[in-house]
Amino acid sequence: MDATDAAHRLDPRARQLLRTLIARHIRDGEPVGSQTLARHAGLDVSAATIRNILADLEDSGLLSAPHTSAGRVPTAQGYRVFVDSLLQLKPLPEKEVARLRGELPVGIGTQSLLGSASELVSAMTHFVGVVSVPRREQFAFRYIDFVAVDSQRVMAILVFADNEVQNRLIQTRRSYDPGELERVANYLNAQFAGRSLADIRATLLQEMRAARNEMENLLAHTVELAEQALAPEGGEDMVVAGQTRLMGLQDLSDLDRLRDLFDAFTRKREILQLLERTAGAPGVRIFIGEETGLAPLEGVSLVSAPYCSSGQVLGVLGVIGPTRMAYDRVIPVVQATADVLGAALESSRGG
């Protein structure tokens with residue numbers, strides 16, 4: 001039985017008991033017994049009735065009973081039902097949203113914004129903040145310059161609309177004198193400023209096919225240099241902050257599992273792929289335990305949301321922490337931070 005079926009089969013009393021039990025367990029970190037639920041669930045039923053309902057919830061796979069305790073704790077499936085159908089969310093208070101806007105101001109550069117956003121969600125939730133880095137070719141190009149390094153290498157200096165600067169070393173088939181490099185740079189700056197790198201490459205090739213006479217030499221030189229200078233480039237693909245916040249958490253005390261998790265943060269590739277799975281859907285996505293499909297993340301949850309500019313998804317921001325996290329707090333923080341980050345990038349991204 002999946003979490004949706006389990007949720008549909010719960011009667012109001014079972015829903016209230018499950019909601020109360022999970023809320024108490026998240027708060028205290030201890031198994032929750034029937035007497036505690038009798039005091040806090042607000043139901044006018046006997047302790048025996050509560051025990052029977054808890055037994056049914058355990059049979060449904062929503063709760064488990066640790067051997068050392070008479071109480072019960074939620075399973076990953078129980079958390080899924082809680083998050084999907086029992087959780088009551090409120091928007092992040094405006095005071096905290098204003099703090100986010102102050103910490104993520106317009107015009108400080110994309111890398112600085114992403115680093116700040118990752119640190120902020122980590123500090124606000126006390127877990128790990130992760131942000132996938134937008135592909136550089138999604139940003140508008142502002143200016144380019146070329147400098148000869150030696151007879152077959154040229155340094156391309158690219159300035160983007162968000163004020164980020166990249167230096168790219170190009171291997172050339174022949175040597176270029178300073179005058180040729182200046183003409184190519186002037187042509188690119190005059191014709192293509194404000195457009196994305198992918199758009200520039202496509203247009204150059206099209207113009208090359210249509211070119212005649214005196215334009216051919218200039219365009220041939222431009223295409224050779226631009227093919228490499230404006231090509232998609234690897235590099236930093238995810239910003240991570242706050243890994244050490246997971247150390248010492250009661251729920252992540254298994255040193256081997258914690259080591260595997262830290263290795264996953266170092267490699268980044270698996271977590272980045274998980275983030276990218278969430279980029280196509282609007283709003284917050286939540287992976288609980290084994291739902292990630294990644295062995296190192298089986299004991300944790302990921303709460304993520306895409307951040308957008310001009311209606312285009314640039315990347316994904318998220319929080320990784322124990323399955324026993326305050327989802328009612330973490331979800332609004334992730335959503336608000338993704339919204340503020342997207343808005344901050346909106347004006348700096350250009351065309």
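Keep in mind that this is a model prediction, so the values were computed, not measured.

1. Comments concerning the overall build of the chain
In step 1: Helices and strands together make up the secondary structure of the chain, namely 13 helices and 10 strands.
In step 2: At 27 Å, the chain has a C-alpha radius of gyration far larger than the 20 Å of a compact globule built from 351 residues.
In step 3: Counting every position in the chain, which comprises 351 residues, the buried fraction comes to 48%.
In step 4: Taking the intrachain contacts of the chain between residues at least 6 apart in sequence as the baseline, contacts between residues at least 24 apart amount to 62%.
In step 5: Between the averaged position of the 37 positive side-chain charges in the chain and that of its 44 negative side-chain charges there is a distance of 4 Å.

2. Some remarks on helix H4 (residues 47–59)
In step 1: If you check H4, its first and last C-alpha atoms are 18 Å apart, about what 13 residues at 1.5 Å a residue would give, namely 18 Å.
In step 2: On its buried face, H4 is in contact with helix H2 (12–28), helix H3 (34–40) and strand S1 (63–64).

3. Some details on the nonpolar core
In step 1: In this structure, Leu18, Leu57, Phe146, Leu204, Tyr307, Tyr327 and Leu341 are the most contacted members of the largest nonpolar core, which totals 102 residues.
In step 2: For this core, the element with the most residues is helix H13 (residues 327–349), which contributes 11 residues.
In step 3: If we ignore the near neighbours within four places in the chain, the residues touching Leu18 are Leu10, Leu57, Leu62, Leu63, Val81 and Leu86.

4. Let's talk about the pairing of strand S4 (residues 141–150)
In step 1: In the sheet, S4 pairs with strand S5 (residues 153–160) via 8 bridges, with the strands oriented antiparallel. Note that in S5 the partner of Phe141 across the bridge is Phe160.
In step 2: The turn joining S4 and S5, which pair antiparallel and follow one another in sequence, is formed by 2 residues.

5. Digging into the sheet that holds S5
In step 1: The 3 strands are arranged S4-S5-S6 in an open sheet whose pairing can be described as antiparallel. Unpaired on one side and paired on the other, S4 and strand S6 (165–171) mark the two borders of the sheet. Direction aside, neighbouring strands of the sheet carry axes that sit 20° apart on average.

6. As for the side chain of Asn189
In step 1: Positionally, Asn189 belongs in helix H8 (residues 178–192).
In step 2: In contact with Asn189, other than residues within four places in its own chain, are Phe141, Arg142, Tyr143 and Ile144.

7. Quick notes on the sheet that holds strand S9 (residues 300–309)
In step 1: Strand order in the open sheet made by the 5 strands is S7-S3-S10-S9-S8, with antiparallel pairing throughout. Bordering the open sheet on either side are strand S7 (238–241) and strand S8 (285–288), each of which pairs with just one other strand. Across the sheet, the mean angle from the axis of one strand to that of its neighbour is 15°, orientation sign disregarded.
In step 2: This element, helix H7 (residues 110–125), spans strand S3 (128–132), S7, S9 and strand S10 (312–322) of the sheet and lies at about 150° to S3.

8. Overview of the packing of aromatic side chains
Geometry of an aromatic ring pair is reported as the spacing of the ring centres plus the angle between the planes.
In step 1: The full count for this structure, using the stated rule, is 2 aromatic pairs.
In step 2: With a centroid separation of 6.0 Å and 55° between ring planes, the pair formed by Tyr79 and Tyr327 is classed as tilted. Residue Tyr79 is found in helix H5 (residues 76–86), and its partner Tyr327 is found in helix H13; the two are separated by 248 residues along the sequence.
In step 3: On the basis of relative accessible area, Tyr327 is assigned to the buried category, the value being 0%.

9. So, the pattern of salt bridges
In step 1: Scanning the model with the defined rule gives 10 salt bridges in all.
In step 2: For Arg24, the salt bridge goes to Asp28, with nearest N and O atoms at 3.7 Å. With Arg24 and Asp28 both in helix H2 and 4 residues apart, the pair spans about one turn of that helix.
In step 3: Of the residues examined, Arg24 reaches a relative accessible area of 17% and is grouped as buried.
In step 4: Arg329 is the salt-bridge partner of Glu96, the closest N and O atoms lying 3.0 Å from each other.

Rules of the game
- Residues numbered from 1 in each chain as written.
- Predicted model: local features only at pLDDT ≥ 70, side-chain atom pairs only at ≥ 80, totals over all residues.
- Heavy atoms only, no water.
- Helix = DSSP H or I, 4+ residues; strand = E, 2+ residues; numbered from the N terminus.
- Rg over C-alpha atoms; globule rule 2.2 N^0.38 Å.
- Buried < 20%, exposed > 50% of the residue type's maximum accessible area, 1.4 Å probe, protein only.
- Contact = heavy atoms within 4.5 Å.
- Lys, Arg positive; Asp, Glu negative; His and termini not counted.
- Charge placed at Lys NZ, Arg CZ, Asp CG, Glu CD.
- Expected span 1.5 Å × (residues − 1).
- Core = buried A, V, L, I, M, F, W, Y, C linked by side-chain atoms within 4.5 Å.
- Pairing = 2+ DSSP bridges.
- Axes fitted to C-alpha atoms, helices over the stretch in contact; angles between N-to-C directions.
- Phe/Tyr/Trp six-rings, centres within 6.5 Å; stacked < 30°, edge-to-face > 60°.
- Salt bridge = Lys/Arg side-chain N within 4 Å of Asp/Glu carboxyl O.

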